[in-house]
Amino acid sequence: MASKKNTVVFEDYFPAMMEKLGTEGFMKELTNGFQLLMDREKKVITFESLKKNSALLGLEGMSDDEIRCMLREGDLDGDGALDEMEFCTLMFRLSPALMNNSKELLEEAIFTAF
């Protein structure tokens with residue numbers, strides 16, 4: 001992701017990462033990303049933690065409104081923050097290629113888990 005003139009541009013690197021890392025490795029990377037952005041005490045991604053840590057992802061130019069919008073987009077339970085499942089779901093939703101292949105990815109993840 002990059003921020004240009006108040007517009008966030010998302011480059012979809014996830015399919016290449018998935019191919020290189022496999023399902024398990026990719027999910028581990030998403031978990032690592034979540035832990036990088038989360039509030040250490042609350043164990044969720046809050047507005048404050050995302051604003052503070054956004055520079056780690058090259059998003060230091062994001063406005064407060066863009067950060068709030070990103071949180072709202074992923075906040076499925078309405079608590080104003082993203083837990084790990086909401087974060088992973090949002091990342092999948094932001095990747096059109098992963099959404100197109102989501103059934104196969106789910107089957108692979110279930111097969112790997114059992």
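Residues numbered from 1 in each chain as written. Predicted model: local features only at pLDDT ≥ 70, side-chain atom pairs only at ≥ 80, totals over all residues. Heavy atoms only, no water.

## Examining the packing of aromatic side chains
Part 1 of the reasoning: Applying the stated criterion to the full structure yields one aromatic pair.
Part 2 of the reasoning: Over the ring of Phe 47 we find Arg 68, and its NZ or CZ is 4.6 Å from the ring centre. (Phe/Tyr/Trp six-rings, centres within 6.5 Å; stacked < 30°, edge-to-face > 60°. Lys NZ or Arg CZ within 6 Å of the ring centre and 35° of its normal.)

## A short note on the nonpolar core
Part 1 of the reasoning: Residues Leu 30, Ile 45, Leu 50, Leu 71 and Phe 87 are the most contacted members of the largest nonpolar core, which totals 21 residues.
Part 2 of the reasoning: When contributions to this core are tallied by element, the ones reaching two or more residues are helix 1 (14-37), helix 2 (47-53), helix 3 (64-74) and helix 4 (84-93).
Part 3 of the reasoning: Here this core takes six residues from helix 1, the largest share from any one element.
Part 4 of the reasoning: Ignoring any residue separated from it by four or fewer positions in sequence, one finds Phe 87 in contact with Leu 30, Gly 33, Phe 34, Leu 37, Ile 45 and Leu 82. (Core = buried A, V, L, I, M, F, W, Y, C linked by side-chain atoms within 4.5 Å. Buried < 20%, exposed > 50% of the residue type's maximum accessible area, 1.4 Å probe, protein only. Helix = DSSP H or I, 4+ residues; strand = E, 2+ residues; numbered from the N terminus. Contact = heavy atoms within 4.5 Å.)

## Considerations on helix 3
Part 1 of the reasoning: Glu 66, Ile 67, Met 70, Leu 71 and Gly 74 are the residues of helix 3 that are buried. Seen end-on, helix 3 carries its buried residues on one side only, within an arc spanning 135°. Residues of helix 3 that are exposed and point over 90 degrees away from its buried face: Asp 65 and Arg 72. (Arc of directions from axis to C-beta.)

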